[in-house]
Amino acid sequence: YIPWELIHDTHNFIALSPKTSLARYPRQILSRRLESLSLPFHVLLIISSPNGFPPLDIDREHRLFETATSALHHAGQITIDTLENPTLGDLNRQLKSNQYHALHFIGYTQADPDTQSGYLVFPATNDESPPDLLRADTFARQITKENTVRLLFLDTTHTLASASIVASNFIARGLPAVILPQFPIAPSAHIQFITETYRTIAEYHPVDEALNRARQAIRSHNAVAWSSPVLYTHSSDGLLFTRPIRTESLRTFQEIPLRLWVAAGSIIGTLLILLALVAIVGTDNIFADDNQSQPTPILNVDLRIKSISFDPNSSLSDKGATFHLQIENIGTEPSPTTAYELLLT
């Protein structure tokens, strides 16, 4: 078995080229619309070590993930909630009470190749009972309807064949992307894999670019492990989220120094007087010769301030700011269109 990620054109590996996107593209039955994301990026870490499977070192797995995401956490780019050995009831309650952008599952999967049905394996409520199997397609429908999850990170290197079926089940039911390692890699490479993936997505880059950056980061330390990351997606542009639309708030204007408001008030008064003169007598007649006949005044001009803004619109100390003032005539008579842009220093 040779991974698709090792395809090359005699000189370079296609998966390492920033100009090429290499992803598994399974069929999709349902789809989800693109949503905006305000940081931080919320991740639910699930570590499942059920009875009947080789036990996982839960503390080690937790430490590895914290190491990989600590810089992102301190930068405010990511928040993490953790469920260790949760039952299906624990998982359901967590997802109903919180909204997440990604699920990071460390554990085991199973699959039926005949029906192409995949399962995530969870501990049973009773320790003497066999593990509970959560159908991937059922779970996918739940999180796409009730939660904001758009990424599943399957950290299941022990069961690659079943993980591939599970990934396809999630994509078919509307989840935009599933990422998984297709063979075990060293902890140092695994940390780089996780770090670069979440960092790139939190910066609003496409998920395929996130995998490319992860491969590049791993390659600088390991000549083979870079081909482990695999992406399953059905997104045409790879974007999982868009940046939120920024709106000016009262707090933003409160941060503008008082000296600028005083200057702005003086300028507004001067501009209103000037614009009133322009509207009433016209620019060509403000300084007209006394011997010339005077135009008939336009008495039905009513000027009002439509909008005020500063650029930059954040707190300023000794720096200058551009002051934007938009004035409109709501009177019954027309007046010339006039625009002013002033630099306050």
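Preceding block: the structure.
Residues numbered from 1 in each chain as written. Predicted model: local features only at pLDDT ≥ 70, side-chain atom pairs only at ≥ 80, totals over all residues. Heavy atoms only, no water.

### Observations concerning the pairing of strand β2 (residues 41–47)
Put simply, the rule reads: Only protein chains enter the area calculation, which uses a 1.4 Å probe; residues under 20% of their type maximum are buried, those over 50% are exposed, and those in between are partly exposed. Helical segments are the DSSP runs of H or I of at least four residues, strand segments are the runs of E of at least two, and each set is numbered from the N terminus. Paired strands, in this sense, are two strands between which DSSP finds at least two bridges. Seen with the strands pointing away from the viewer, any crossover whose path from the first strand over the helix to the second strand runs clockwise is right-handed.
Burial analysis of β2 places six of its seven residues in the buried class, which makes it a mostly covered element. Sheet analysis places β2 next to strand β3 (residues 78–84), joined by seven bridges and oriented parallel. The residue bridging His-42 from the neighbouring strand is Thr-79, located in β3. Where the polypeptide runs from β2 across helix α1 (residues 58–74) and back to β3, its parallel neighbour, the crossover connection is right-handed. Sheet topology places β2 next to strand β4 (residues 102–106); five bridges connect them, and they run parallel. Bridging across to β4, Ile-47 finds its partner in Ile-106.

### What about the pattern of salt bridges?
The condition is simple: Salt bridges are defined by distance alone: a side-chain nitrogen of Lys or Arg within 4 Å of a carboxyl oxygen of Asp or Glu.
According to the stated counting rule, one finds seven salt bridges in the structure shown. The partner of Arg-93 in a salt bridge is Asp-90, with the nearest N and O atoms 2.7 Å apart. Of this pair, Arg-93 and Asp-90 both sit in helix α2 (residues 88–97), three residues apart, which is roughly one turn of the helix. Note that Asp-137 and Arg-135 form a salt bridge whose closest N and O atoms lie 2.7 Å from each other. Residue Arg-135 is classed as partly exposed on the basis of its relative accessible area of 34%.

### So, α1
In an α-helix, one full turn covers 3.6 residues, which means residues spaced three or four apart are oriented alike. Worth spelling out the cut-off: Expected helix span is computed as 1.5 Å times (number of residues minus one). Bending is quantified residue by residue as the angle between axes fitted to the seven-residue window ending at that residue and the seven-residue window starting at it. The contact definition used throughout considers only heavy atoms, calling two residues in contact when any of these lie within 4.5 Å.
Compared with the 24 Å implied by 1.5 Å per residue over 17 residues, the 23 Å span of α1 between its first and last C-alpha is a close match. At Ala-68, α1 is bent by approximately 45 degrees, the largest bend along its length. Inspection of α1 places Ile-58, Glu-61, His-62, Leu-64, Phe-65, Ala-68, Thr-69 and Leu-72 among the buried residues, and these make up the whole buried set. In this fold, the buried residues of α1 make contact with β2, β3, β4 and α5 (187–202). Backbone geometry just after α1 places Gly-76 at a positive phi near 75 degrees.

### Here we look at the pairing of strand β6 (residues 117–122)
Along β6, six of the six residues are buried, which leaves the element largely enclosed by surrounding structure. As judged from the four bridges shared by strand β5 (residues 109–112) and β6, these two strands associate in the antiparallel manner. Along β6, the bridge assignment pairs Ala-111 with Gly-118. Remark: four residues form the turn of the hairpin made by β5 and β6, two consecutive strands paired antiparallel; Gln-116 in that turn has positive phi of roughly 55 degrees. Sheet analysis places β6 next to strand β7 (residues 132–135), joined by four bridges and oriented antiparallel. Residue pairing across strands places Leu-120 opposite Leu-134, the latter belonging to β7.

### Here's the deal with the packing of α5 against helix α6 (residues 207–219)
What counts, and what does not: Axes here refer to lines fitted to C-alpha atoms; in helices the fit is confined to the stretch in contact. Angles between the N-to-C directions go from 0 to 180 degrees. Handedness of a crossing follows from how the near helix is turned relative to the far one, being left-handed for an anticlockwise turn of less than a right angle and right-handed for a clockwise one. Residue type decides the class: Asp, Glu, Lys and Arg count as charged, Ala, Val, Leu, Ile, Met, Phe, Trp, Tyr, Cys and Pro as nonpolar, and the leftover types, Gly among them, as polar.
α6 packs onto α5 with a crossing angle of 150 degrees between their chain directions and a minimal axis gap of 8 Å. Here α5 runs over α6; the crossing is right-handed. Contact residues: Ala-189, Gln-192, Phe-193, Glu-196, Thr-197, Thr-200 and Ile-201 in α5; Val-207, Glu-209, Ala-210, Leu-211, Arg-213, Ala-214, Ala-217 and Ile-218 in α6. Split into classes, the residues belonging to the contact of α5 with α6 amount to nine nonpolar, three polar and three charged.

### Here we look at the environment of Thr-148
To keep it simple, the criterion reads: Whenever a nitrogen or oxygen atom comes within 3.5 Å of another N or O atom, the pair is scored as a polar contact, on the condition that within protein one atom can donate a hydrogen and the other can accept it, and that pairs from neighbouring residues in sequence are kept only if both atoms are in side chains.
Relative to the helices and strands, Thr-148 resides in the loop between α3 (136–146) and β8 (151–155). For the pair formed by Thr-148 and Ala-102, sequence separation is 46 residues and the distance between their alpha carbons is 8.2 Å. Residues in contact with Thr-148, not counting those within four places in the same chain, are Arg-32, Glu-35, Gln-99, Tyr-100, His-101, Ile-143 and Phe-241. A polar atom in the side chain of Thr-148 sits 2.6 Å from the backbone oxygen of Tyr-100.

### Some thoughts on the nonpolar core
Put simply, the rule is: Among the buried residues, those of types Ala, Val, Leu, Ile, Met, Phe, Trp, Tyr and Cys that are joined through side-chain atoms within 4.5 Å form a nonpolar core.
Counting 41 residues, the largest nonpolar core has Phe-41, Leu-151, Ile-179, Phe-193 and Tyr-198 as its most contacted members. When residues of this core are traced back to their parent elements, those giving at least two are β2, α1, β4, β8, β9 (177–181), α5 and α6. Apart from residues no more than four positions distant in its own chain, Phe-41 is found in contact with Gln-77, Ile-78, Thr-79, His-101, Ala-102, Tyr-198, Ile-201, Ala-202 and Phe-241. Leu-91, Leu-95, Leu-154 and Ala-167 belong to the second-largest nonpolar core, a separate cluster that totals 28 residues.

### Quick notes on unusual backbone geometry
That bond from Leu-39 to Pro-40 is cis: its omega, 10 degrees, falls within 30 degrees of zero. On the secondary structure map, Pro-40 appears in the loop between β1 (35–36) and β2. The residue Gln-116 is not glycine, and still its phi comes out positive at about 55 degrees. Here Gln-116 shows up in the loop between β5 and β6.

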